[in-house]
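Structural description and commentary
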Amino acid sequence: MFRIFDLLKSRARLSKVLAPVQGRLFPLEDVNDEIFASEGLGEGFAVQPSSDLIYAPLNGTVTSLFPTNYEIGIRTKEGLDLLIHLGLNTVELGGGGCDILVEAGQEVKKGSYWLR
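Description of the overall build of the protein chain
- What the protein chain contains, in helices and strands, is 2 helices and 8 strands.
- The order of α-helices and β-strands along the protein chain, N terminus first, is α-β-α-β-β-β-β-β-β-β.
- The buried share of the protein chain, taken over its 116 residues, is 33%.
- When contacts within the protein chain are restricted to residue pairs at least 6 apart in sequence, those whose partners lie at least 24 apart make up 60%.
- For the protein chain, the accessible area works out to roughly 7300 Å², and carbon and sulfur atoms hold 50% of it.

A word on unusual backbone geometry
- In this structure, E39 is a non-glycine residue whose phi angle is positive, near 60°.
- Counting through the fold element by element, E39 comes out in the loop between α2 (34-37) and β2 (45-49).
- With a relative accessible area of 26%, E39 lands in the partly exposed category.

Side note on the sheet that holds strand β6 (residues 81-85)
- One open sheet holds the 4 strands; their spatial order is β6-β5-β4-β7, and the pairing between them is antiparallel. The two strands at the open ends of the sheet, each matched to only one other strand, are β6 and β7 (107-108).
- Strand direction decides the pairing type here: strand β4 (residues 60-65) and strand β5 (residues 71-75), joined by 4 bridges, are antiparallel. Residue pairing in the sheet places S64 in a bridge with G73 of β5.

Remarks on the environment of T63
- Topologically, T63 is positioned in strand β4.
- Between the C-alpha atom of T63 and that of Q106, which follows or precedes it by 43 residues, the distance is 8.0 Å.
- Excluding its chain neighbours within four sequence positions, the residues that come into contact with T63 are G73, I74, R75 and A104.

Topic: the nonpolar core
- In terms of nonpolar packing, the biggest core is built from 17 residues, with I54, V62, I74, L86, V108, W114 and L115 touching the most fellow members.
- Listed in part, the 5 residues of the second largest apolar core include L28, V31, F36 and A46.

Quick look at the pairing of β5
- Buried residues dominate β5, accounting for 4 of its 5 residues.
- Two strands pair when backbone bridges link them, and β5 and β6 are joined in this way by 5 bridges, in the antiparallel orientation. From the neighbouring strand, R75 faces β6, where its bridge partner is D81.
- Once β5 ends, the chain turns through 5 residues before running back antiparallel as β6, passing G79 with a positive phi of about 100°.

Conventions used here
- Residues numbered from 1 in each chain as written.
- Predicted model: local features only at pLDDT ≥ 70, side-chain atom pairs only at ≥ 80, totals over all residues.
- Heavy atoms only, no water.
- Helix = DSSP H or I, 4+ residues; strand = E, 2+ residues; numbered from the N terminus.
- Buried < 20%, exposed > 50% of the residue type's maximum accessible area, 1.4 Å probe, protein only.
- Contact = heavy atoms within 4.5 Å.
- Areas by Shrake-Rupley, 256 points an atom, 1.4 Å probe, with all protein chains shown as cover.
- Pairing = 2+ DSSP bridges.
- Core = buried A, V, L, I, M, F, W, Y, C linked by side-chain atoms within 4.5 Å.

And the structure:
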């Protein structure tokens, strides 16, 4: 079901990946968006948030911040790339509604607060 966990288990140097937000975890196939449900952006999972605070899920470098402010890329020193995408149809919001507290190239620590 959550193949990303199998990937993470296969990388001995990675210990834990935190959920980027508190909430209910569920498989991408249950997301009401064909791109995500079909894993068009890669394997992963979804979270129905119960908070509006977003945290770094692991140690790494912010590789990209998309102009919409709803997608953040992060790469670990082991070479794992993660894309954190917030919400559905967020491009229509034009980047409004959230404050990003990190920038591309910035090192982040697992659990650090990076968006609200």
